[in-house]
Amino acid sequence: MKAKISILLFTLGLSLGCKKPDKVDVVNDGDYTGLLVVTNSAKSVPNTYPISASLKNGRFSITYKNTGKPTAGSGTYTFNKGLAVFVNEGAYTADFDWNMILNGEYEVLSNATDLTLKKKFKPATSENPAATSYVYLQYEYILKKAN
């Protein structure tokens, strides 16, 4: 019995003593490159768009490469408890998917070099019922710090 208790205490001490890598859920200033990944549940392969972004002192600028529209954007952002809010200050035409613009609320997952921003959508209300479509769209920026 003492052997079992000793093994249990040793295992518990070992698991508590091992430090797991820290995830830093903040938006770190810097220049980033990566992809905007648009996942459509009706398609088996997501659409990917190369991008570069700069995040500095609460301001951002982003350049979309090979997307057609949008080609760029800029504005401000704030961060609080794993949620980033981007306010895009650009003016755009209405002939493309506006969800591709870095604007609105995003869940943030980051560490020292990687940054993932996953677009959050407001839940449907009784005044604004959900569409009858069963297609699910997801917009996710997967970025790596360039400097």
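Please refer to the structure placed before this passage.
Residues numbered from 1 in each chain as written. Predicted model: local features only at pLDDT ≥ 70, side-chain atom pairs only at ≥ 80, totals over all residues. Heavy atoms only, no water.

(A) Broad picture of the sheet that holds strand β2 (residues 47–56). One closed barrel holds the eight strands; their spatial order is β1-β2-β3-β4-β5-β6-β7-β8, and the pairing between them is antiparallel. This sheet shows a mean twist of 30° between the axes of neighbouring strands, independent of strand direction. In this sheet, strand β4 (residues 72–80) lies alongside strand β3 (residues 59–64) in antiparallel orientation, the contact comprising five bridges. The partner of R59 across the bridge, within β4, is T76. (Pairing = 2+ DSSP bridges. Helix = DSSP H or I, 4+ residues; strand = E, 2+ residues; numbered from the N terminus. Axes fitted to C-alpha atoms, helices over the stretch in contact; angles between N-to-C directions.)

(B) Focus on empty space enclosed by the protein. The tally for this structure, following the rule as stated, stands at one cavity of 30 Å³ or more. In this structure, the largest cavity spans a volume of roughly 40 Å³. Forming the walls of the largest cavity are A53, L55, I62, L102, L117, Y141 and L143. Counting only elements with at least two residues in the lining of the largest cavity, the list comes to β2 and β8 (137–145). (1 Å grid on protein atoms, 1.4 Å probe; cavity = no way out; pocket = protein on both sides within 12 Å on 5 of 7 lines; lining within 4 Å. Points joined across faces, edges and corners; volume = space filled by probe spheres on them.)

(C) Inspection of the environment of F86 at higher detail. Its location among the elements puts F86 in strand β5 (residues 83–88). Between the C-alpha atoms of F86 and G58, which are 28 residues apart in sequence, the distance is 9.3 Å. When neighbours within four sequence positions are excluded, F86 is seen to be in contact with L55, F60, T76, Y77, L102, N103, G104, Y106 and L117. (Contact = heavy atoms within 4.5 Å.)

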